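# Results of the structural survey
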Amino acid sequence: MVVRRTLVVVAAAAAALAAAAVSLALGAVDLPLSDVIDALTGSLGEGSTRQIVLELRLPRTVEAAAVGAALGVAGALLQGALGNPLASPDVIGVTGGAGFGAVLILIVFPGSIALLPVGALAFGLLAAGLVFAIAWVGPDAGGVGKLILAGIAVGALFGAGTTAVLTAYPDRVQSAIFFIAGGLSSDGWRELEIVWPYFAVGFVAAICLMRPLDRLALGDDVAASLGVRPRLIRLIAGVGAAFLAAAAAAIAGLLGFLGLVVPHVVRLAGGTSSHTFVVPVSAISGAALLMAGDTLARTVKAPIELPVGPFMVALGVPLFLLLLRRAV
Amino acid sequence: MLAVAVAVAVMAPLAQAAPKRIVALTPFTANTLVGIGVKPVGIGQTLGGQKRLSKKLDGVRTLPLSHPNGPNMEQLARLNPGLVLSSPTWRKGAPTMRSLDIKVVMSDPDRIAGVAPEIRKIGKVVGRRKQARKLAASVKADIAAARKGIKSRPKVLVLLGVGRTPFAFLENSWGGDLVSEAGGDLLTAGLDEPGGFARISDEQVLKEDPDVIIAVPHADEDDIPGITKYMRDNPIWKVTKAGQNDRIYISNDNSLLQASTDTGKVIRSVRSRFLKN
């Protein structure tokens, strides 16, 4: 079992490194590999090659890695905390809220377009906050069923709001398509500068929760007897996942699929559900998958860029189905 | 006497076939109709305002349009039209219109070369062939005049909507074709996507280094300063010649989005406002 896990970790790390290298090396403009390396090591003078590598490809590769890792970890946290294999950032309303916030800026307030990541982040967190507020009040406070139902209801509410905005401004829908379809942009470091604290909080929470989540997997009563407070762990995991997923949506739009599938792939490949394994390997695998998907999305029809969502599905689903077939 | 009788006999069915109550959903069809002496009973609400519509259309009932059908079918039926001049944009609504015994003709050119033939087509449908031929010839002459004396061909990137990486107009879009005809060297030349728009890599923008960037943001006047500032602050665009020379412009009407009979006027406007050629 240890050998198998080690192999999975090595394979995931190798895939992430390879995806990062390819992401930096390939783009709409053909650049010699030596120029890319020179630009990265600082030995290339000023010019468009340096700009392309350092101001376009490098931030985009880092964004893809951060968003992929965040969604993978968010999914692992939620699936572990809720004990539900279908849990993903959609379940706690983050995706619906972030989508509404972004569409509001893009469609209704296009003059405030610079606030796009802030809008997505704020509404993503607001939606998650509403879900937690509803789920933690009244009978069965903090119960899994109540949390999931609240998430579905709040997600539907924001989804309806998004549809209403799109319907009210049919001539402006084009502006929102790429956000809804999910995709990264070459926008330098601006967006990461806004959202990195939320990533940091989410990742720190995930690290702290790895062992408590393993105890929670034994059932609430057993976990409580081991000194864990199940509802508190669920709340912290939910908040951490909300921070990660909202920050990811602020940068890359709506990419919920990744958060759902990556933890399952990791569990099936590693043959374990231990969160000390699933959480970090989901981060590495999510980063690898999104970097690879984004590279495909911006090179397949270069210089035309395509949404990354379908490419991630094309890469992730066959692997997931293969592992699922072997597991059953 | 016999010749007159024959002529009357031949013309009578044509006159009957020409619908009297016509709804024109696009600015192109609405302006074409009044240009050939036919006043429609309804027109479609034009995206980006009604500024380009002929004064002769003042007072004509305006129908709000929404995806995917176009007009509300109850409002349309209330006008009791015999003919709707529609657009492929509202194609999905055509079967319902036909089920209401309304004849539907699609006419919305997406290339400048299509303007004159489409005018003649409308003339044929509404029984005004001669007037349509005259209008088509006039529009063609105006386009040719508007293109005269092009002194320079700046490299141009034309963008649709707002966002971190907006869609770019391709050659096979109305706006792309129009900017090319006005003397712009389209940055997206050679690219072809079915819809006429595609998201273009910023690497390509940096490599091609456009002289002019024109954005069509679909926004209210109040939003323009914010959008302009956002575009000028874009770290990639601001290092291009367009950014360096303060030649990032906003086009906030629908002239680059929808065809009309004022094509020559729009070409002159693009040349003087944006291309300065």
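Since we're looking at a predicted model, the values are computed, not measured. As a convention, each chain's residues are numbered from 1 in the sequence order in which they are written. Naming scheme: in the order in which they are written, chains are lettered from A and ligands are numbered from 1. Local features in this predicted model are restricted to residues whose pLDDT is 70 or higher, and side-chain atom pairs enter the listing and the counts only when it is 80 or higher, whereas totals over whole chains, interfaces and linings include all residues.

Strands are runs of DSSP state E lasting at least 2 residues, helices are runs of H or I lasting at least 4, and numbering of each runs from the N terminus. Within chain B, the regular secondary structure consists of 11 helices and 13 strands. Counting only C-alpha atoms, chain B reaches 75 × 40 × 30 Å along its principal axes. By definition, residue pairs are in contact when their C-beta atoms, positioned from the backbone, come within 7 Å. Across chain B, contacts joining residues at least 24 apart in sequence account for 60% of those joining residues at least 6 apart.

To continue, consider the pairing of strand 6 (residues 83–86) of chain B. Residue and element names in this part refer to chain B. Residues Leu83 and Leu85 point to one face of strand 6 and Val84 and Ser86 to the other, with burial holding for every one of them. Bridge count for strand 1 (residues 22–24) against strand 6 is 3 bridges, and the pairing is parallel. Counted as the bridge partner of Val23 is Val84 from strand 6. Between any two strands, at least two bridges found by DSSP are needed for them to pair. Relative to strand 7 (residues 103–106), strand 6 runs parallel, the two being bridged by 4 bridges. In the strand pairing of strand 7, Leu85 is matched with Val105. Taken together, strand 6, helix 4 (residues 94–99) and strand 7 constitute a β-α-β crossover, and its handedness is right-handed. With C-beta atoms placed from the backbone, a residue is buried if 20 or more other C-beta atoms are within 10 Å of its own, exposed if 12 or fewer are, and partly exposed between those counts. A clockwise path from the first strand over the helix to the second, with the strands pointing away from the viewer, defines a right-handed crossover.

Note the cis peptide between A:Ala302 and A:Pro303, where omega equals 5°. By secondary structure assignment, the location of A:Pro303 is in the loop between helix 12 (275–299) and strand 1 (304–305). Backbone geometry at B:Asp101 places phi at a positive 65°, although glycine is not the residue there. If you trace the backbone, B:Asp101 turns up in the loop between helix 4 and strand 7. A residue is classified by how many C-beta atoms lie within 10 Å of it, and B:Asp101, with 10 of them, is exposed.

Here we take up the sheet that holds strand 3 (residues 61–63) of chain B. Residues and elements named next belong to chain B. Sheet architecture is open: 5 strands sit in the order 3-2-1-6-7, paired in parallel fashion. Every other strand in the sheet has two partners, leaving strand 3 and strand 7 as the edge strands with one partner each. Strand-to-strand twist of the sheet, defined as the mean angle between neighbouring strand axes without regard to direction, takes the value 20°. To obtain each axis, a line is fitted to C-alpha atoms, and for helices this fit is confined to the stretch in contact; angles are then taken between N-to-C directions over 0 to 180 degrees.

Residues and elements named next belong to chain B. Either an automatic procedure or a domain database provided the assignment from which the domain bounds are taken. When cut into domains, chain B gives domain 1 (2–145) and domain 2 (155–275). Contacts between domain 1 and domain 2 engage 23 residues on the former and 18 residues on the latter. Classification convention: Asp, Glu, Lys, Arg as charged; Ala, Val, Leu, Ile, Met, Phe, Trp, Tyr, Cys, Pro as nonpolar; all other residues, Gly among them, as polar. Of the residues contributing to the side of domain 1 that touches domain 2, the split by class is 10 nonpolar, 7 polar and 6 charged.

Residues and elements named next belong to chain A. Running from N to C, helix 8 (residues 190–216) and helix 12 cross one another at 145°; their axes reach a closest spacing of 8 Å. The way helix 8 lies across helix 12 gives a crossing that is right-handed. Only His275, Thr276 and Val279 of helix 12 make contact with helix 8, whose side of the interface consists of Ala206, Met210, Arg211, Leu213 and Asp214. Of the residues assigned to the contact of helix 8 with helix 12, the class counts are 4 nonpolar, 2 polar and 2 charged. Helix crossings are classified by the rotation of the near helix relative to the far one: an anticlockwise turn of less than a right angle makes the crossing left-handed, while a clockwise turn makes it right-handed.

Here we come to the interface of chain B and chain A. On the side of chain A, 31 residues touch chain B, which itself brings 33 residues to the contact. Looking at the side of chain B that touches chain A, the elements with two or more residues in it are strand 11 (197–200), helix 8 (202–208) and helix 9 (224–233) of chain B. Looking at which element gives the most residues to the side of chain B that touches chain A, the answer is helix 8 of chain B, with 5 residues. Each residue belonging to the side of chain B that touches chain A can be placed in one class, and the counts come to 16 nonpolar, 9 polar and 8 charged. Pairing geometry for strand 1 of chain A and strand 11 of chain B, over 2 bridges, is antiparallel. Counted as the bridge partner of A:Glu305 is B:Arg199 from strand 11 of chain B.

The subject of this paragraph is the nonpolar core. Note on terminology: a nonpolar core is a set of buried residues of type Ala, Val, Leu, Ile, Met, Phe, Trp, Tyr or Cys, with members joined through C-beta atoms within 7 Å. Counting 182 residues, the largest nonpolar core has A:Ala70, A:Val73, A:Ala245, A:Ala246, A:Ala247 and A:Ala248 as the members making the most contacts within it. Ranked by residues supplied to this core, first place goes to helix 3 (residues 48–82) of chain A with 17 residues. Looking at which domains feed residues into this core, each of domain 1 (2–145) and domain 2 (155–275) of chain B supplies at least three.

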